[in-house]
Amino acid sequence: MQDIALLIQDPAAWIALVTLVAMEVVLGIDNLVFISILSNKLPENQREKARRIGIGLALVMRLGLLGTVAWIVKLTNPVFTLFGHGFSWKDMILVAGGLFLVWKATKEIHHSVDPEDRQEDIISSAATTTMGAAIGQILLLDLVFSVDSIITAVGMTEHVIIMVIAVLFAVAVMLLAANPLGRFIEKNPTVVMLALGFLLMIGMTLIADGMGFHVPKGYIYAAMAFSALVEGLNMLARRKKRLERERKAQTTLH
């Protein structure tokens, strides 16, 4: 309790907390987009449950990893060297997760462009998607994002309590945003394609990081924000055209 009281009085601890909360929320966007897209493949009555389970597993995994901070830090130690780069367990986890994201996003894009080709889609429709398959894939990506998130947090502060508060806050934001985001993506097909493009970009970024080529996350999120802004303007333009057509149709009837 004395340590906590000292942290409360320490301005540096508050700065670290605010910074870490912001970082965890931003990093959670990647995970949330994937969960939303995957849960929308389920029957409608199972989607909310899948999102809550997926986000709950992310919370459990991150808190569990925080309990093994000393072991997590060791994941950055090189295990072998290839092409002049020392690969650590963290690097291998990032590369594996990136490859999975690229594969999954590519499959979903292929299905969106060619919906008649069911054989090429591993999870082709809500009818063949099971809760277990969806949760399994969410759990796999939760692991990748959790390891990356916790290692980044360890580099920002040495106080586990600050990391725990930041993780709890970020997961609370994810729980609040999960259903609205899922419904928004479902109602706007063009947003689905944009989100899949985000997943491709995130997957390639994870692979690059794992291979030793660090891509500043600010560039990634700036590109995502710009793309989202353009798509938002397109949606407004389409809505305006639709309203104009409806108004003309009503004028013609009268």
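What counts and what doesn't
Residues numbered from 1 in each chain as written. Predicted model: local features only at pLDDT ≥ 70, side-chain atom pairs only at ≥ 80, totals over all residues. Heavy atoms only, no water. Helix = DSSP H or I, 4+ residues; strand = E, 2+ residues; numbered from the N terminus. Buried < 20%, exposed > 50% of the residue type's maximum accessible area, 1.4 Å probe, protein only. Contact = heavy atoms within 4.5 Å. Patch = residues over 30% accessible without salt bridge, like charges linked within 9 Å, V, L, I, M, F, W, Y side chains within 5 Å. Areas by Shrake-Rupley, 256 points an atom, 1.4 Å probe, with all protein chains shown as cover. Salt bridge = Lys/Arg side-chain N within 4 Å of Asp/Glu carboxyl O. Phe/Tyr/Trp six-rings, centres within 6.5 Å; stacked < 30°, edge-to-face > 60°. Expected span 1.5 Å × (residues − 1). pLDDT = per-residue confidence, 0-100. Pairing = 2+ DSSP bridges.

Participant: Describe the environment of Gly 203, with residues and values.
Facilitator: Looking at the secondary structure, you find Gly 203 in helix α8 (residues 189–210). Since its relative accessible area comes to 0%, Gly 203 is described here as buried. Each C-alpha atom, one on Gly 203 and one on Leu 94, is 8.8 Å from the other, the two residues being 109 residues apart in sequence. Beyond its immediate stretch of four places on either side in the chain, Gly 203 contacts Gly 98, Leu 101 and Val 102.

Participant: So what's going on with a nonpolar patch on the surface? Residues and values would help.
Facilitator: There is a patch of nonpolar side chains on the surface, built from Val 79, Phe 80, Leu 82, Phe 83 and Trp 89 and spanning about 560 Å² of accessible area. With respect to the helices and strands, Leu 82 occurs in strand β1 (residues 78–82).

Participant: Outline the packing of aromatic side chains, supporting the account with residue identities and numerical values.
Facilitator: Applying the stated criterion to the full structure yields one aromatic pair. Each ring, one from Phe 100 and one from Trp 103, has its centre 5.8 Å from the other, and the planes form 40°; the classification is tilted. Highlighted residues: Phe 100 and Trp 103, both in helix α5 (residues 89–113), separated by three residues, approximately one helical turn.

Participant: Go over helix α3 (residues 44–66), please, and point to the residues and values.
Facilitator: Taking 1.5 Å of rise per residue, 23 residues should cover 33 Å, and α3 covers 34 Å from first to last C-alpha, within 8% of that figure. The complete set of buried residues in α3 reads Arg 47, Ala 50, Arg 51, Gly 54, Ile 55, Ala 58, Met 61, Arg 62, Leu 65 and Leu 66.

Participant: Let's hear about helix α7 (residues 160–187): which residues, and what values?
Facilitator: Spanning 28 residues, α7 covers 40 Å between terminal C-alpha atoms, matching the ideal 40 Å at 1.5 Å per step. For α7, the full list of buried residues reads Ile 162, Met 163, Ala 166, Val 167, Ala 170, Val 171, Met 174, Ala 178, Asn 179, Gly 182 and Ile 185.

Participant: Summarise the confidence of the model for the protein; cite the residues concerned and give the values.
Facilitator: Averaged over every residue, the pLDDT of the protein is 75; residues scoring 70 or more account for 81%. Mean pLDDT across the elements of the protein ranges from a minimum in helix α1 (residues 2–8), with 57, to a maximum in α3, with 82. Per-residue pLDDT stays below 50 along residues 118–128; that stretch engages in 24 contacts with residues further than four places along the chain or on separate chains.

Participant: Outline the pairing of β1, listing residues and values.
Facilitator: Pairing geometry for β1 and strand β2 (residues 85–88), over four bridges, is antiparallel. Along β2, the bridge assignment pairs Leu 82 with His 85. Linking two consecutive strands that pair antiparallel, namely β1 and β2, is a turn of two residues; a positive phi of about 55° is found at Phe 83 within it.

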